[in-house]
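# Reading the structure
In case you want the letters, here they are:
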Amino acid sequence: MTTTFENLGEGDTIDGPKFEVSRESIRLFCDGSLDYNPLHLDDEYMKGSFGKTNFGGIIMHGMNNFGLITRMITDWAYPAGAIHRRLETRWVKPVKPGDTIQPTGIVKSKQVTANSRWVLIDVMVKNQAGEKVATGEAMVEFPS
Amino acid sequence: MAQAEAFETDFWKHANLRKVWDDIVPGEPRKTIPYTLTRDAIELYCASVGEDHPIYFDEAYAKTTRYGGLIAPPSIHILLMFACTPADDWMRSPGTVNAGQSWSYNIPARPGDVIRLEARALDKFIKRERLFVVHDNVFFNQQGDVICSGRGWTIRPE
């Protein structure tokens, strides 16, 4: 069934793409984003601690989660004639090479405003152990 | 990779020129540089997150959509944040940990756009012994239209 503002309901789910994280995928994200922070590149540097945190090796860019959630939302919205308008995210657990992550969304509510119609979606990214690595909220416009 | 060749990828190189948490003044504008977004740069970013929608790659298809031509994914601001800032920008300080971001999207960025960033630290605080800075950013195209605006929370290296 085609997704429309009318037929969407609270609790409807959106499955995003599975993404295999590797040293190569992290390196490619460095090139794609121009973010060459040694957190994502330098094993020696990552042996050290950051305040109270020791990551124990390189970690994926938090914004890689953001990019995957965006991909899920836009791939869902474009066929429905809808527009991705907002994404808020928080990283709750580092992601490392060897992890497989997947974003999902759950429709939380719908709202009609003076000039348009909006769907709020709770989003999260989980790793292969089912642990949440990122959470957030998206807002998609369904122009009337 | 032409883009990376023109860009200083060694983030240690200018580390001593960058502001540390103590030096950052909330409200003070950051130095930014205009950036011409290319189709190659969009395609490389798309490859890094597996974006494969034809609206980013297939001009004939893109012309049939509401956008009337190729666009970049909304999340292209991830690239623009680094493309529009100089090497001594504090966002590049090694060990900068991103804690989360929120972005609002107005119109898409497109290949060929000359993109300008207005950015500043908005707030800084200490929480559980960690040094936080909130950054606040707006990207504009060459017509002065807002592409997107967003805010991020970073934990600064000590």
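Given the structure is predicted, the values throughout are model-derived calculations rather than measurements.

### Some remarks on the overall build of chain B
Of regular secondary structure, chain B possesses four helices and five strands. Taking 15 Å as the expected radius of gyration for a compact globule of 158 residues, we find that chain B reaches 17 Å, a close match to that expectation. On the principal axes, the C-alpha backbone points of chain B span a range of 50 × 30 × 25 Å. The contacts in chain B between residues at least 6 apart in sequence include a share of 70% that link residues at least 24 apart.

### Points about the overall build of chain A
Looking only at helices and strands, one finds two helices and six strands in chain A. Shown N-terminal to C-terminal, the secondary structure of chain A runs as helices and strands in the order β-β-α-α-β-β-β-β. The buried share of chain A, reckoned over its 144 residues, is 37%. Put simply, 66% of the contacts in chain A that link residues at least 6 apart link residues at least 24 apart.

### Looking at unusual backbone geometry
Although it is not a glycine, Leu34 of chain A adopts a positive phi angle of roughly 60°. Not every positive phi belongs to a glycine, and Arg128 of chain B is a case in point at roughly 45°. Looking at the element boundaries, Arg128 of chain B is found in the loop between β3 (114–127) and β4 (130–140).

### Details of the nonpolar core
In a soluble, globular protein the nonpolar side chains are often hidden away together inside. Of all hydrophobic cores here, the largest spans 63 residues; its most connected members are Ile69 and Val140 of chain A together with Ile42, Ile76, Leu79, Leu80 and Ile115 of chain B. Ranked by residue count, the leading element in this core is helix α2 (residues 62–77) of chain A, at seven residues. Apart from residues lying up to four places away in sequence, Ile115 of chain B is in contact with Pro34, Tyr35, Leu37, Leu80, Cys84, Ala109, Phe139, Asn141 and Ile147 of chain B.

### Here's the deal with the environment of Ser109 of chain A
All names here are of chain A. When you line up the elements, Ser109 lands in strand β4 (residues 100–112). Sequence separation between Ser109 and Leu120 is eleven residues; the distance between their C-alpha atoms is 5.3 Å. Setting aside residues no more than four positions away along its own chain, Ser109 makes contact with Glu10 and Leu120.

### Topic: the interface of chain B and chain A
Opposite the 36 residues of chain B that make contact, chain A presents 34 residues. At the level of elements, α2 (39–49), α4 (77–83) and β2 (97–105) of chain B are the ones that each hand at least two residues to the side of chain B that touches chain A. Of the residues forming the side of chain B that touches chain A, the biggest block, nine residues, is contributed by β2 of chain B. Here the residues of the side of chain B that touches chain A are counted per class, giving 20 nonpolar, twelve polar and four charged. In the sheet, strand β3 (residues 83–91) of chain A pairs with β2 of chain B via five bridges, with the strands oriented antiparallel. By the bridge assignment for β2 of chain B, Glu88 of chain A is matched with Ser102 of chain B.

Rules and cut-offs
- Residues numbered from 1 in each chain as written.
- Chains lettered and ligands numbered in written order.
- Predicted model: local features only at pLDDT ≥ 70, side-chain atom pairs only at ≥ 80, totals over all residues.
- Helix = DSSP H or I, 4+ residues; strand = E, 2+ residues; numbered from the N terminus.
- Rg over C-alpha atoms; globule rule 2.2 N^0.38 Å.
- Contact = placed C-beta atoms within 7 Å.
- Buried ≥ 20, exposed ≤ 12 C-beta atoms within 10 Å, placed from the backbone.
- Core = buried A, V, L, I, M, F, W, Y, C linked by C-beta atoms within 7 Å.
- Nonpolar A, V, L, I, M, F, W, Y, C, P; charged D, E, K, R; others polar.
- Pairing = 2+ DSSP bridges.

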